[in-house]
Amino acid sequence: MEWRRIRALVVKESIEIRKDPLFMTMAFLVPSILMILFGYGLSLDVENIPLAIVDQDGSDSSRDYLYHFIQSRYFSLKGSYHKEDEALKRLVEGKIRVVIIVPPGFERDLHQGRAAYVQTIVDGIFPYRAQMIKGYLAAINGTINRQRLRDHLARKSGLPLERAETLVNPVRLEVRYLFNQEVKSIHSIAPALIGMVLLMTPPLLTAVAIVREKETGSIFNIYSSTISRLEFVIGKLLPYFVISCFNALVLWLLAIYVFKAPFRGSFSFFYLSAVAYVAGSTGLGLLISTFARSQIAAIMVAMVATMIPSFLYSGMLVPVSCLDRAGQIEARLFPSMYFTAILHGTFLKASRWQTFGPEIAFIVFYALLMLFLGYKLFRKRVKR
């Protein structure tokens with residue numbers, strides 16, 4: 001193996017990248033664009049839910065009851081109606097997601113000591129959001145009931161409000177959030193997006209670059225030259241590996257300064273694990289290029305092979321432990337799950353590198369396996 005020939009191939013590849021605006025865009029801009037698009041478009045926070053109210057009682061009690069929902073940060077009032085049909089029409093149009101209907105006699109029932117019934121209608125098209133909305137409604141309604149019971153007890157027995165509150169609510173649940181105190185989904189999603197982008201773009205660049213030479217016929221110059229298979233593989237992959245390592249740094253900066261994700265761990269550990277991860281995804285691109293005959297085929301295979309694992313089995317949207325048994329087994333076959341665990345650990349938990357021994361071992365193993373398979377299957381001769 002001669003480094004002189006490898007260096008010449010690296011220089012040739014770099015010139016081709018620099019002279020092709022489309023490839024330059026794919027190499028340097030697409031990863032950042034993907035990060036920004038997904039970062040702003042992918043949110044699991046359920047807040048500012050469009051709300052409509054129908055107050056058919058029109059009493060002080062009904063207005064006070066509805067005010068608890070209106071002033072909550074989880075709901076955003078979009079309309080107040082006198083008839084139920086008007087509110088349901090807005091629900092069908094998709095302009096609101098939940099309707100609260102207070103029937104006539106609400107205040108009278110409360111004053112007479114009877115249960116007062118309130119109807120809520122929730123848009124169930126998105127089951128996850130619908131369940132969250134149901135939880136918010138139940139929590140606010142429960143708070144209102146406790147406050148009314150506390151006030152009634154204090155009024156009847158002459159107890160101070162604090163004592164009445166203790167009697168009404170003897171067991172108090174204190175919730176403390178670790179690692180993501182503001183419970184913002186972007187603080188968890190932004191680091192995971194680094195893993196998603198670094199799994200998708202390096203195989204795309206590498207596979208397209210090699211297959212493009214097959215399509216244009218320029219690879220025949222390689223076939224007829226004295227350069228060895230190992231020299232060609234190293235010279236071909238090295239520019240895209242370096243570009244992807246640079247992109248890892250850019251994505252890290254975007255996560256911190258654009259999406260304001262906290263970074264509490266070791267940067268050196270993060271970057272070294274990212275480099276190993278990029279080596280594996282670059283090797284995957286080499287493997288794809290060994291059987292793809294066209295750039296379109298290479299793009300399609302690269303997208304399918306990387307997008308599904310990065311979305312469904314990485315733990316970005318749903319913890320892997322919450323998947324069924326088959327899903328958990330599949331997740332363990334892809335490196336995205338292990339790298340996402342490292343990203344969450346370094347960004348949010350300040351975890352030390354010793355915590356991630358199995359994750360690092362799998363990522364390195366995956367990188368070596370992809371590079372080995374790609375090297376063994378690549379043939380420095382014309383396929384018939």
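See above for the structure.
Conventions we followed
- Residues numbered from 1 in each chain as written.
- Predicted model: local features only at pLDDT ≥ 70, side-chain atom pairs only at ≥ 80, totals over all residues.
- Heavy atoms only, no water.
- Pairing = 2+ DSSP bridges.
- Helix = DSSP H or I, 4+ residues; strand = E, 2+ residues; numbered from the N terminus.
- Axes fitted to C-alpha atoms, helices over the stretch in contact; angles between N-to-C directions.
- Phe/Tyr/Trp six-rings, centres within 6.5 Å; stacked < 30°, edge-to-face > 60°.
- Buried < 20%, exposed > 50% of the residue type's maximum accessible area, 1.4 Å probe, protein only.
- Parallel < 35°, antiparallel > 145°, perpendicular 65-115°, else oblique.
- Left-handed = near helix turned anticlockwise from the far one by under 90°.
- Contact = heavy atoms within 4.5 Å.
- Nonpolar A, V, L, I, M, F, W, Y, C, P; charged D, E, K, R; others polar.

**A short note on the sheet that holds strand S3 (residues 98-102)**
Link 1 in the chain: Spatial ordering of the open sheet is given by S2-S1-S3-S4, a layout of four strands whose pairing is mixed. Strands with a single pairing partner mark the edges of an open sheet, and in this sheet they are strand S2 (75-81) and strand S4 (119-122). Looking at each pair of strands side by side, their axes are set apart by 20° on average, direction ignored.
Link 2 in the chain: In this sheet, S2 lies alongside strand S1 (residues 49-55) in parallel orientation, the contact comprising six bridges. Directly across from Ala52, in S2, lies its bridge partner Gly79.

**Quick look at the packing of aromatic side chains**
Link 1 in the chain: Enumeration according to the criterion identifies 24 aromatic pairs in this entry.
Link 2 in the chain: Taking the centre distance of 5.0 Å and the plane angle of 55° together, the rings of Tyr40 and Phe259 count as tilted. Residue Tyr40 is located in helix H2 (residues 21-41), and its partner Phe259 is located in the loop between helix H10 (229-258) and helix H11 (267-289); the two are separated by 219 residues in the primary sequence.
Link 3 in the chain: A residue is classified by how much of its surface remains accessible, and Phe259, at 6% relative accessible area, is buried.

**Some thoughts on the packing of helix H6 (residues 127-157) against helix H7 (residues 161-168)**
Link 1 in the chain: Running from amino to carboxyl end, H6 crosses H7 at an angle of 125°, the nearest separation of the two axes being 9 Å. Classified by the angle between their axes, H6 and H7 sit oblique to one another. Between H6 and H7 lies a crossing whose hand is right-handed. Within the contact between the two elements, H6 uses Arg146, Leu149, Arg150, Asp151, Leu153 and Ala154 and H7 uses Leu161, Ala164, Glu165, Leu167 and Val168.
Link 2 in the chain: When its residues are assigned to classes, the contact of H6 with H7 shows seven nonpolar, no polar and four charged.

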